[in-house]
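Given next are the chains, with one letter for each unit.
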Amino acid sequence: GQQVQQSPSSLVLQEGENAELQCNFSSTATQLQWFYQSPGGSLVSLLSNPSGTKHTGRLTSTTVTKERRSSLHISSSQTTDSGTYLCAISSGGSNYKLTFGKGTLLTVTP
Amino acid sequence: EAGVTQSPRYAVLQEGQAVSFWCDPISGHDTLYWYQQPRDQGPQLLVYFRDEAVIDNSQLPSDRFSAVRPKGTNSTLKIQSAKQGDTATYLCASSFTDQDTQYFGPGTRLLVL
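Asker: Can you walk me through the state of the cysteines in this structure?
Answerer: In a disulfide, the sulfur atoms of two cysteines are covalently bonded to one another. The full count for this structure, using the stated rule, is 2 disulfides over all chains. The disulfide partner of C23(A) is C87(A), and the S-S distance across this bridge is 2.0 Å. Handedness of the C23(A)-C87(A) disulfide follows from its S-S torsion of about -65°: it is left-handed. With C23(A) in strand β3 (residues 19-25) and C87(A) in strand β9 (residues 83-90), the pair connects residues that are 64 residues apart, well separated along the chain. Comparing C23(A) with C87(A), the two get one shared label, buried. With a sulfur-sulfur separation of 1.9 Å, C23(B) is cross-linked through a disulfide to C92(B). Taking the sign of the S-S torsion, about -70° here, the bridge from C23(B) to C92(B) comes out left-handed. Here the residue C23(B) occupies a position in strand β3 (residues 19-24), and C92(B) occupies one in strand β9 (residues 88-95), the gap between them amounting to 69 residues. On the basis of relative accessibility, which here comes to 0%, the residue C23(B) falls in the buried class. When its relative accessible area of 0% is taken as the criterion, C92(B) is described as buried.

The following block contains the structure:
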(Lines give C-alpha, C1' and ligand atoms only; values in the text may rest on other atoms or scores of the structure.)
Protein backbone atom coordinates (compact mmCIF):
# COMPACT_ATOMS: atom_id res chain seq x y z
CA GLY A 1 0.00 0.00 0.00
CA GLN A 2 0.88 3.67 0.11
CA GLN A 3 3.83 4.73 2.22
CA VAL A 4 4.61 8.25 3.38
CA GLN A 5 7.98 9.10 4.90
CA GLN A 6 8.60 12.40 6.65
CA SER A 7 11.89 13.94 7.69
CA PRO A 8 13.28 15.02 9.98
CA SER A 9 11.33 13.28 12.74
CA SER A 10 11.99 16.25 15.01
CA LEU A 11 13.45 19.72 14.65
CA VAL A 12 14.40 22.40 17.18
CA LEU A 13 14.74 26.01 16.05
CA GLN A 14 15.19 29.39 17.62
CA GLU A 15 12.46 31.91 16.98
CA GLY A 16 13.03 33.68 13.66
CA GLU A 17 14.79 30.76 11.97
CA ASN A 18 13.32 29.01 8.93
CA ALA A 19 12.16 25.37 8.86
CA GLU A 20 12.21 22.95 5.95
CA LEU A 21 10.13 19.77 6.29
CA GLN A 22 10.21 16.92 3.80
CA CYS A 23 7.64 14.35 2.67
CA ASN A 24 8.37 11.43 0.34
CA PHE A 25 5.73 9.03 -0.90
CA SER A 26 5.77 5.66 -2.59
CA SER A 27 3.27 6.09 -5.44
CA THR A 28 1.55 8.79 -7.46
CA ALA A 29 -0.49 11.18 -5.36
CA THR A 30 -3.59 12.87 -6.71
CA GLN A 31 -4.08 14.68 -3.43
CA LEU A 32 -1.43 15.90 -0.98
CA GLN A 33 -2.17 17.82 2.18
CA TRP A 34 -0.06 19.26 4.97
CA PHE A 35 -1.65 19.29 8.43
CA TYR A 36 -0.68 20.87 11.73
CA GLN A 37 -1.39 19.05 14.97
CA SER A 38 -1.23 21.07 18.15
CA PRO A 39 0.12 19.58 21.39
CA GLY A 40 -2.97 17.87 22.74
CA GLY A 41 -4.27 16.58 19.44
CA SER A 42 -6.40 18.74 17.13
CA LEU A 43 -5.50 18.53 13.39
CA VAL A 44 -5.82 21.51 11.08
CA SER A 45 -5.31 21.47 7.31
CA LEU A 46 -2.60 23.96 6.29
CA LEU A 47 -2.26 23.48 2.54
CA SER A 48 -3.48 21.23 -0.22
CA ASN A 49 -0.74 20.94 -2.84
CA PRO A 50 -0.68 17.90 -5.16
CA SER A 51 1.73 19.66 -7.56
CA GLY A 52 3.70 22.87 -7.97
CA THR A 53 4.21 25.58 -5.39
CA LYS A 54 1.66 27.15 -3.06
CA HIS A 55 1.99 29.92 -0.49
CA THR A 56 -0.12 30.89 2.46
CA GLY A 57 1.20 33.37 4.99
CA ARG A 58 4.64 32.21 6.15
CA LEU A 59 4.14 28.74 4.64
CA THR A 60 5.35 27.59 1.22
CA SER A 61 4.79 24.08 -0.10
CA THR A 62 6.54 22.69 -3.17
CA THR A 63 5.51 19.32 -4.59
CA VAL A 64 7.44 17.60 -7.38
CA THR A 65 4.99 14.93 -8.49
CA LYS A 66 7.38 12.97 -10.73
CA GLU A 67 9.90 12.69 -7.90
CA ARG A 68 7.18 11.82 -5.34
CA ARG A 69 8.24 14.43 -2.85
CA SER A 70 6.88 17.53 -1.20
CA SER A 71 8.38 20.12 1.12
CA LEU A 72 6.92 22.59 3.59
CA HIS A 73 8.92 25.73 4.29
CA ILE A 74 8.08 27.81 7.35
CA SER A 75 9.70 31.23 7.32
CA SER A 76 10.51 33.31 10.38
CA SER A 77 9.35 30.65 12.85
CA GLN A 78 7.44 31.65 15.98
CA THR A 79 6.99 29.80 19.27
CA THR A 80 3.34 29.28 18.36
CA ASP A 81 4.45 27.21 15.35
CA SER A 82 5.53 24.44 17.74
CA GLY A 83 3.67 21.19 17.17
CA THR A 84 3.60 18.26 14.76
CA TYR A 85 3.42 18.71 10.99
CA LEU A 86 1.86 15.81 9.08
CA CYS A 87 1.91 15.06 5.38
CA ALA A 88 -0.94 12.99 3.91
CA ILE A 89 -1.59 11.71 0.39
CA SER A 90 -4.34 10.05 -1.58
CA SER A 91 -3.96 8.11 -4.80
CA GLY A 92 -7.50 8.75 -6.01
CA GLY A 93 -9.23 6.26 -8.24
CA SER A 94 -12.44 5.14 -6.56
CA ASN A 95 -11.06 5.53 -3.04
CA TYR A 96 -9.77 8.88 -1.81
CA LYS A 97 -8.60 7.80 1.61
CA LEU A 98 -5.61 9.67 3.03
CA THR A 99 -2.43 7.94 4.12
CA PHE A 100 -0.46 9.93 6.70
CA GLY A 101 3.23 10.05 7.54
CA LYS A 102 4.42 9.92 11.14
CA GLY A 103 5.01 13.65 11.23
CA THR A 104 7.77 16.10 12.11
CA LEU A 105 7.75 17.45 15.67
CA LEU A 106 8.80 21.10 15.52
CA THR A 107 9.88 22.95 18.64
CA VAL A 108 10.54 26.68 18.38
CA THR A 109 12.33 28.19 21.35
CA PRO A 110 12.26 31.90 22.32
CA GLU B 1 -20.32 27.30 11.48
CA ALA B 2 -19.74 24.59 14.09
CA GLY B 3 -16.83 22.26 13.55
CA VAL B 4 -16.67 18.50 13.97
CA THR B 5 -17.60 17.52 17.51
CA GLN B 6 -16.67 14.33 19.31
CA SER B 7 -17.49 12.80 22.64
CA PRO B 8 -16.28 11.75 25.07
CA ARG B 9 -12.92 13.54 25.04
CA TYR B 10 -11.25 10.93 27.26
CA ALA B 11 -11.96 7.32 28.20
CA VAL B 12 -10.15 4.90 30.50
CA LEU B 13 -11.08 1.21 30.38
CA GLN B 14 -9.97 -2.15 31.65
CA GLU B 15 -9.22 -4.79 29.01
CA GLY B 16 -12.38 -6.54 27.90
CA GLN B 17 -14.67 -3.56 28.45
CA ALA B 18 -16.70 -1.96 25.68
CA VAL B 19 -16.70 1.70 24.68
CA SER B 20 -18.49 3.88 22.12
CA PHE B 21 -17.31 7.09 20.52
CA TRP B 22 -19.68 9.59 18.96
CA CYS B 23 -19.06 12.06 16.13
CA ASP B 24 -21.17 14.92 14.79
CA PRO B 25 -19.73 16.11 11.44
CA ILE B 26 -20.00 19.56 9.89
CA SER B 27 -23.51 20.12 8.53
CA GLY B 28 -23.71 19.32 4.81
CA HIS B 29 -20.61 17.12 4.73
CA ASP B 30 -21.51 13.82 3.11
CA THR B 31 -18.22 12.07 3.88
CA LEU B 32 -17.18 11.03 7.38
CA TYR B 33 -13.95 9.34 8.49
CA TRP B 34 -12.73 7.57 11.61
CA TYR B 35 -8.98 7.42 12.25
CA GLN B 36 -6.90 5.76 14.95
CA GLN B 37 -3.75 7.60 16.01
CA PRO B 38 -1.39 5.68 18.32
CA ARG B 39 1.09 7.77 20.29
CA ASP B 40 3.88 9.21 18.10
CA GLN B 41 2.26 7.93 14.88
CA GLY B 42 0.26 9.54 12.12
CA PRO B 43 -3.51 8.92 11.93
CA GLN B 44 -4.49 5.63 10.30
CA LEU B 45 -7.86 5.35 8.59
CA LEU B 46 -10.21 2.80 10.14
CA VAL B 47 -13.37 3.39 8.11
CA TYR B 48 -15.04 6.01 5.97
CA PHE B 49 -18.63 6.67 4.92
CA ARG B 50 -20.27 8.47 2.07
CA ASP B 51 -23.69 9.32 3.47
CA GLU B 52 -24.75 6.14 5.30
CA ALA B 53 -22.73 3.76 3.09
CA VAL B 54 -19.37 2.32 4.12
CA ILE B 55 -16.83 3.05 1.36
CA ASP B 56 -13.73 1.55 2.97
CA ASN B 57 -13.45 -0.44 6.20
CA SER B 58 -10.47 -2.54 5.21
CA GLN B 59 -8.43 -1.42 8.25
CA LEU B 60 -11.22 -1.86 10.79
CA PRO B 61 -10.61 -4.88 13.09
CA SER B 62 -14.02 -6.36 12.35
CA ASP B 63 -14.03 -8.84 15.21
CA ARG B 64 -14.11 -6.09 17.83
CA PHE B 65 -14.70 -2.76 16.09
CA SER B 66 -17.89 -1.56 14.43
CA ALA B 67 -18.99 1.76 12.99
CA VAL B 68 -22.35 3.05 11.83
CA ARG B 69 -23.78 6.19 10.31
CA PRO B 70 -27.45 5.26 10.01
CA LYS B 71 -28.93 8.56 8.73
CA GLY B 72 -25.85 9.83 6.95
CA THR B 73 -25.18 12.43 9.65
CA ASN B 74 -23.82 11.44 13.10
CA SER B 75 -21.67 8.37 13.52
CA THR B 76 -20.74 5.96 16.29
CA LEU B 77 -17.56 3.89 16.54
CA LYS B 78 -17.72 1.01 19.02
CA ILE B 79 -15.01 -1.24 20.46
CA GLN B 80 -16.60 -4.41 21.76
CA SER B 81 -13.82 -5.85 23.92
CA ALA B 82 -10.96 -3.40 24.30
CA LYS B 83 -7.30 -4.48 24.33
CA GLN B 84 -4.25 -2.56 25.56
CA GLY B 85 -3.16 -2.21 21.93
CA ASP B 86 -6.27 -0.11 21.27
CA THR B 87 -4.79 2.70 23.37
CA ALA B 88 -4.75 5.67 20.99
CA THR B 89 -6.55 8.84 20.04
CA TYR B 90 -9.62 8.28 17.86
CA LEU B 91 -10.22 11.09 15.40
CA CYS B 92 -13.32 11.84 13.39
CA ALA B 93 -13.18 13.99 10.26
CA SER B 94 -15.68 15.13 7.65
CA SER B 95 -15.60 16.69 4.19
CA PHE B 96 -18.08 17.84 1.55
CA THR B 97 -16.98 15.01 -0.74
CA ASP B 98 -14.10 12.59 -0.48
CA GLN B 99 -12.00 14.80 -2.77
CA ASP B 100 -12.28 17.84 -0.51
CA THR B 101 -10.32 19.01 2.51
CA GLN B 102 -11.02 16.99 5.64
CA TYR B 103 -11.90 18.83 8.86
CA PHE B 104 -10.99 17.05 12.06
CA GLY B 105 -12.65 16.92 15.45
CA PRO B 106 -10.67 17.22 18.72
CA GLY B 107 -10.44 13.45 19.13
CA THR B 108 -11.14 10.98 21.93
CA ARG B 109 -8.10 9.81 23.89
CA LEU B 110 -8.54 6.18 24.94
CA LEU B 111 -6.41 4.43 27.53
CA VAL B 112 -6.90 0.69 28.00
CA LEU B 113 -5.32 -0.65 31.18
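Asker: What is the right way to read a nonpolar patch on the surface from this model?
Answerer: Residue and element names in this part refer to chain B. A surface patch of nonpolar side chains, amounting to about 260 Å² of accessible area, comprises V12, L111 and L113. Relative to the helices and strands, L113 is located in the segment after β11 (108-112). Residue class for L113 comes out partly exposed when judged on its relative accessible area of 44%.

Asker: Before we go on, may I ask you to explain the packing of aromatic side chains in this structure?
Answerer: Each aromatic ring pair is summarised here by two numbers: the centre-to-centre distance and the angle between the ring planes. Taken as a whole, this structure holds 10 aromatic pairs over all chains when the rule is applied. Ring geometry for F100(A) versus F104(B): centroids 6.3 Å apart, planes at 80°, classification edge-to-face. With F100(A) in strand β10 (residues 99-100) and F104(B) in strand β10 (residues 103-104), this pair bridges two chains. Here F100(A) falls in the buried class, since its relative accessible area comes to 9%. Classification of F104(B) by relative accessible area gives buried; the value is 9%. In textbook terms, an aromatic cluster arises when at least three aromatic residues are bridged by ring pairs, as seen for F35(A), F100(A), Y33(B), Y35(B), Y48(B) and F104(B).

Asker: Please explain the sheet that holds strand β1 (residues 5-7) of chain B as it appears in this structure.
Answerer: Sheet strands line up and pair through hydrogen bonds in the backbone, either parallel or antiparallel. All names here are of chain B. Taken in spatial order, the 4 strands make up an open sheet running β1-β3-β8-β7, and their pairing is antiparallel. With partners counted over all chains shown, the strands left at the sheet margins are β1 and β7 (65-68), one partner each. Taking each pair of neighbouring strands and ignoring which way they run, the sheet shows an average axis angle of 15°. Where β7 meets strand β8 (residues 75-79), 4 bridges bridge the pair, whose relative direction is antiparallel.

Asker: Just checking my understanding: could you explain the interface of chain B and chain A for this structure?
Answerer: Think of interface size as the accessible area that goes away when the parts come together; that is how it is often given. Chain B puts 18 residues into the contact, and the matching count from chain A is 16 residues. Summed over both sides, the interface between chain B and chain A buries roughly 1500 Å², with carbon and sulfur atoms accounting for 49% of that surface. Run the count over chain B and chain A and you get 1 salt bridge. Taking the shortest distance from any N to any O, the salt bridge between K97(A) and D56(B) comes out at 3.3 Å. Across the contact surface, chain B and chain A share 2 residue pairs in polar contact (both at pLDDT 80 or more). For the side of chain B that touches chain A, the elements supplying multiple residues, two or more each, are β4 (31-37) and β5 (44-50) of chain B.

Thresholds applied
- Residues numbered from 1 in each chain as written.
- Chains lettered and ligands numbered in written order.
- Predicted model: local features only at pLDDT ≥ 70, side-chain atom pairs only at ≥ 80, totals over all residues.
- Heavy atoms only, no water.
- Disulfide = S-S within 2.5 Å.
- Helix = DSSP H or I, 4+ residues; strand = E, 2+ residues; numbered from the N terminus.
- Buried < 20%, exposed > 50% of the residue type's maximum accessible area, 1.4 Å probe, protein only.
- Patch = residues over 30% accessible without salt bridge, like charges linked within 9 Å, V, L, I, M, F, W, Y side chains within 5 Å.
- Areas by Shrake-Rupley, 256 points an atom, 1.4 Å probe, with all protein chains shown as cover.
- Salt bridge = Lys/Arg side-chain N within 4 Å of Asp/Glu carboxyl O.
- Phe/Tyr/Trp six-rings, centres within 6.5 Å; stacked < 30°, edge-to-face > 60°.
- Pairing = 2+ DSSP bridges.
- Axes fitted to C-alpha atoms, helices over the stretch in contact; angles between N-to-C directions.
- Contact = heavy atoms within 4.5 Å.
- Buried area = accessible area lost by both parts, 1.4 Å probe.
- Polar contact = N/O pair within 3.5 Å; in protein donor to acceptor, adjacent residues only side chain to side chain.

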